[in-house]
2 protein chains.
Amino acid sequence: MEQVDIFKALSNKTRLQILAWLKEPEKHFPVQECGEFNKTGVCVGHIQQKTGLTQSTVSEYLSMLQRANLLVATRMGQWTHYKRNEEAIKELAQHISKEL
Amino acid sequence: MEQVDIFKALSNKTRLQILAWLKEPEKHFPVQECGEFNKTGVCVGHIQQKTGLTQSTVSEYLSMLQRANLLVATRMGQWTHYKRNEEAIKELAQHISKEL
DNA sequence: TCGAAAAATCGACAAATTCCGATATCTTTG
DNA sequence: CAAAGATATCGGAATTTGTCGATTTTTCGA
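Residues numbered from 1 in each chain as written. Chains lettered and ligands numbered in written order. Predicted model: local features only at pLDDT ≥ 70, side-chain atom pairs only at ≥ 80, totals over all residues. Heavy atoms only, no water.

Per an unreviewed UniProt entry, chain A is named Metalloregulator ArsR/SmtB family transcription factor, and its organism is Chitinophaga tropicalis.

Below, the structure is given as structure tokens:
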């Protein structure tokens, strides 16, 4: 995954919005029966509802963000949870301030 | 200019390359008759030659980077010089580490 | 003031991205 | 194992981006 692909992943309002929501899941998503979102994140269905886009679109967006290493996916039974990769986001900020 | 437009401006290899070259102009560009590049930057023609793309493409890329506030343009007679906006780049890094 | 150099803008078209609906895969449960 | 729910993948229409060549605008110098 190259630098430019990380920026491409961030070049879309919905995807930026998803990253923002996942910063405070408890504020933006209903309680899940399927696991604490602080640990493994929020399931695709909840994120999809919030965006108003179709399931397929949101699924693709999430995997794009994951490929850019900005999100981490965890399969929890029939659900896939996504959460932010805070480490990678910090590294991106550092990279921009030093290398860009 | 919105957040997402900054990332769009960065979503292209050539534009990232231009930003990188402008970090150390004396290393990447020939001496100019038209001004010190540490002060006002490098003229469009030199940047264009280095990219190998056409003049129109590079001119558009530069103004896109300027619209995103990542570059500053200075008209010097018949030349336009572009240099990095280090301030804005630092702010972007901060924004990513705090707000993204 | 005219012509040439530098840069910006315009019009076009191919390639990439956005987003959808349909279908396939995986997982749980009866 | 079959059905149902959650997610992933596929194929495509519409929009945006990448990039070009041609033209226009700006500025300098003869």
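Turning our attention to unusual backbone geometry. Even without a glycine there, the phi angle at Asn69(A) is positive, about 70°. Note that Asn69(A) resides in the loop between α5 (55-67) and β2 (71-76). (Helix = DSSP H or I, 4+ residues; strand = E, 2+ residues; numbered from the N terminus.)

To continue, consider the relation of the copies chain A and chain B. When chain A is fitted onto chain B, the two copies agree to an RMSD of 0.0 Å after a turn of 180° and an axial shift of 0.0 Å. Accordingly, the operation relating the two chain copies is best matched by a two-fold axis. The C-alpha atom lying nearest the rotation axis in chain A is that of Ala93(A); the distance is 2.3 Å. Most of the interface of chain A is mirrored in chain B, where 100% of its interface residues again form contacts. (Least-squares fit on C-alpha atoms with pLDDT ≥ 70 in both. Contact = heavy atoms within 4.5 Å.)

Quick look at the protein's contact with DNA strand D now. What surrounds DNA strand D is a group of 25 residues, the closest being Gly45(A), Gln55(A), Ser56(A), Ser56(B) and Tyr61(B). Counting only the atoms of DNA strand D within 4 Å of the protein, the fraction contributed by sugar and phosphate is 61%. Note that a phosphate oxygen of DNA strand D is positioned 3.1 Å from one of the backbone N or O atoms of Val44(A). Taking Gly45(A), its main chain carries an N or O atom lying 2.8 Å from a phosphate oxygen of DNA strand D. Secondary structure elements with two or more residues in the surface near DNA strand D: α4 (44-51), α5 and β3 (79-84) of chain A together with α5 (55-67) of chain B. (Near = heavy atom within 4 Å. Polar contact = N/O pair within 3.5 Å; in protein donor to acceptor, adjacent residues only side chain to side chain.)

Next up on the list: the protein's contact with DNA strand C. Lining the immediate environment of DNA strand C, one finds 25 residues, of which Ser56(A), Tyr61(A), Gly45(B), Gln55(B) and Ser56(B) sit closest. One of the side-chain nitrogen or oxygen atoms of Asn12(A) is found 3.3 Å away from a phosphate oxygen of DNA strand C. The separation between a phosphate oxygen of DNA strand C and a polar side-chain atom of Ser59(B) is 3.0 Å. Looking at the surface near DNA strand C, the elements with two or more residues in it are α5 of chain A together with α4 (44-51), α5 and β3 (79-84) of chain B.

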